[in-house]
Amino acid sequence: MLKGTYCVLDDEQDFLTVAAGEFKKFLPDMKGVFTTDPDEAITLARKDKPVIFIIDIVLGGKKGMEIYQRISAISKKVRVIFITGDENFINNDDIRNQILLEGSIDLMQKPIKWHELAIKVKNNMQLLLYQCNLEDIIAERTQQLIHADRLATVGTMVSSIIHEISSPLTFIKANQEMCKYAVGNAKKVTENKEVLSIFDRLIIPSVDESMKGVERIEELLNSFRRFYKRDDLVSEVDFTELIAEVKNLTYYNIKRSNINFIIEVAKSTPKKITCKKQELIQVITNVVNNAVDAFEEKAVFNGEKELKIVVSGSDSTVNIVVSNNGPEIPQYVMERIFEPFFTTKTAEKGTGLGLAISRQILKFMGGTIYVENKSKKHPTVDFIITIPINYNA
Ligand SMILES: Nc1ncnc2c1ncn2[C@@H]1O[C@H](COP(=O)(O)OP(=O)(O)O)[C@@H](O)[C@H]1O
Ligand SMILES: [Mg+2]
């Protein structure tokens, strides 16, 4: 069934009856409307769906051309083929050209060659549908770009927040050290047991704990800072450090979702690889964060959420498998999962860019990424990443 409708508008009911029979023969798989009422044609245009109008150019009191002008002002998804029994129109080049200049597909003479008209309706409907489809895609992409741009703005804001947090952190750290130093000195000059006990039980442990907290924040900020750096150069990277960095960046997401996070690094894993470190971190972080999101979609098998990174290697490659026991990926998602802007998440959560960019990054490195629903006793979704040890872009 070809989508879209055609509408024949003519003031002669007999003509419409013949038209209905002929179109049924030549265009059996398209929906048609046959009417003598211009208002019905206008109502049809208001639906803003693709319609090809076949309009008699001399329509009783109202001219066919005027009606088409009204229709095309209402909807951009309409086209027209004019028809006429009046030889003055057909033989007058000026009128013919005027009609075509107005954007009509054709001016056909009665008696109508029905087969030819049907072919013109069908061909033009296919073009119209193609155009409507492209317009829909462009509108959707524009929305997605606006969203991606907004996220980029958030990224810029995050980097200034990192900067803002770093400064007070410096004096918080200095004050804590000073506090510890002061308590140390005070302990030397007092023998008051109660005071000493307050120092040892309360003040020193609290300051130590705060210092650990500050160190944790610093570590996190440094990870973010490195992640944001633009000049990601090819260098020799310690793989254990790289995984530790991924852990830093995903730590809070994983902790908040109460996920059992397991990292296994096989003995076969090369200690060092040559790559663009931050880009590789970006890829693994993306895949890990996706797995965290996946747990939120549905109740998970036996309630125990597990996210596992298994790293192994050979002489020439490192293989990273990120698997989670969240819901299986449906076929329609599988088909489009690496497409830019494809997402099943809400606008706040997803851009649909993560995997598309990850695949691109890996391609530059000479690596690959693919996904599998692993059906075993405890099914998992596995993302398999392979990277050459030597960057070969
Ligand atoms: N581990 C996973 N389990 C289930 N679905 C996933 C997983 N990883 C990715 N997906 C699906 O792939 C889509 C695209 O992912 P991605 O490109 O990272 O974009 P985003 O995360 O912004 O949606 C997600 O919206 C989700 O539907
Ligand atoms: Mg993602």
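This report concerns the structure included in the present document. (Residues numbered from 1 in each chain as written. Chains lettered and ligands numbered in written order. Predicted model: local features only at pLDDT ≥ 70, side-chain atom pairs only at ≥ 80, totals over all residues. Heavy atoms only, no water.)

## Description of the packing of aromatic side chains
In step 1: One pass over the full model with this rule turns up seven aromatic pairs.
In step 2: Here Phe-15 and Trp-114 contribute two aromatic rings whose centre-to-centre distance is 5.5 Å and whose plane-to-plane angle is 35 degrees, an arrangement assigned as tilted. Here Phe-15 is found in helix H1 (residues 13–26), whereas its partner Trp-114 is found in helix H6 (residues 114–189), with 99 residues between them in sequence. In this structure, Phe-15 and Trp-114 share a single accessibility class: buried.
In step 3: Every member of this aromatic cluster is reached through a ring pair, and the members are Tyr-6, Phe-15, Phe-23, Phe-34 and Trp-114. (Phe/Tyr/Trp six-rings, centres within 6.5 Å; stacked < 30°, edge-to-face > 60°. Helix = DSSP H or I, 4+ residues; strand = E, 2+ residues; numbered from the N terminus. Buried < 20%, exposed > 50% of the residue type's maximum accessible area, 1.4 Å probe, protein only.)

## Remarks on a nonpolar patch on the surface
In step 1: Together, Leu-151, Val-154, Met-157, Ile-161, Ile-165 and Ile-217 line one region of the surface with nonpolar side chains, adding up to about 460 Å² of accessible area.
In step 2: In terms of residue count, the dominant contributor to the nonpolar patch is H6 (five residues).
In step 3: Assessed through its relative accessible area of 36%, Ile-217 is described here as partly exposed. (Patch = residues over 30% accessible without salt bridge, like charges linked within 9 Å, V, L, I, M, F, W, Y side chains within 5 Å. Areas by Shrake-Rupley, 256 points an atom, 1.4 Å probe, with all protein chains shown as cover. Salt bridge = Lys/Arg side-chain N within 4 Å of Asp/Glu carboxyl O.)

## Looking at the site of ligand 1
In step 1: Residues in contact with ligand 1 amount to 19 residues; listed here are only the nearest, Asn-290, Thr-343, Thr-344, Lys-345 and Thr-351.
In step 2: Separating an oxygen atom of ligand 1 from a side-chain N or O atom of Asn-290 is a distance of 2.8 Å.
In step 3: Compared with its free state, where it exposes 530 Å², ligand 1 has 93% of that area covered by protein.
In step 4: Elements that contribute at least two residues to the shell around ligand 1 include exactly helix H9 (277–297), helix H11 (354–365) and strand E14 (380–388).
In step 5: Top element by residues in the shell around ligand 1 is H9. It accounts for three residues.
In step 6: Residue composition of the shell around ligand 1, by class: ten nonpolar, eight polar and one charged. (Near = heavy atom within 4 Å. Polar contact = N/O pair within 3.5 Å; in protein donor to acceptor, adjacent residues only side chain to side chain. Nonpolar A, V, L, I, M, F, W, Y, C, P; charged D, E, K, R; others polar.)

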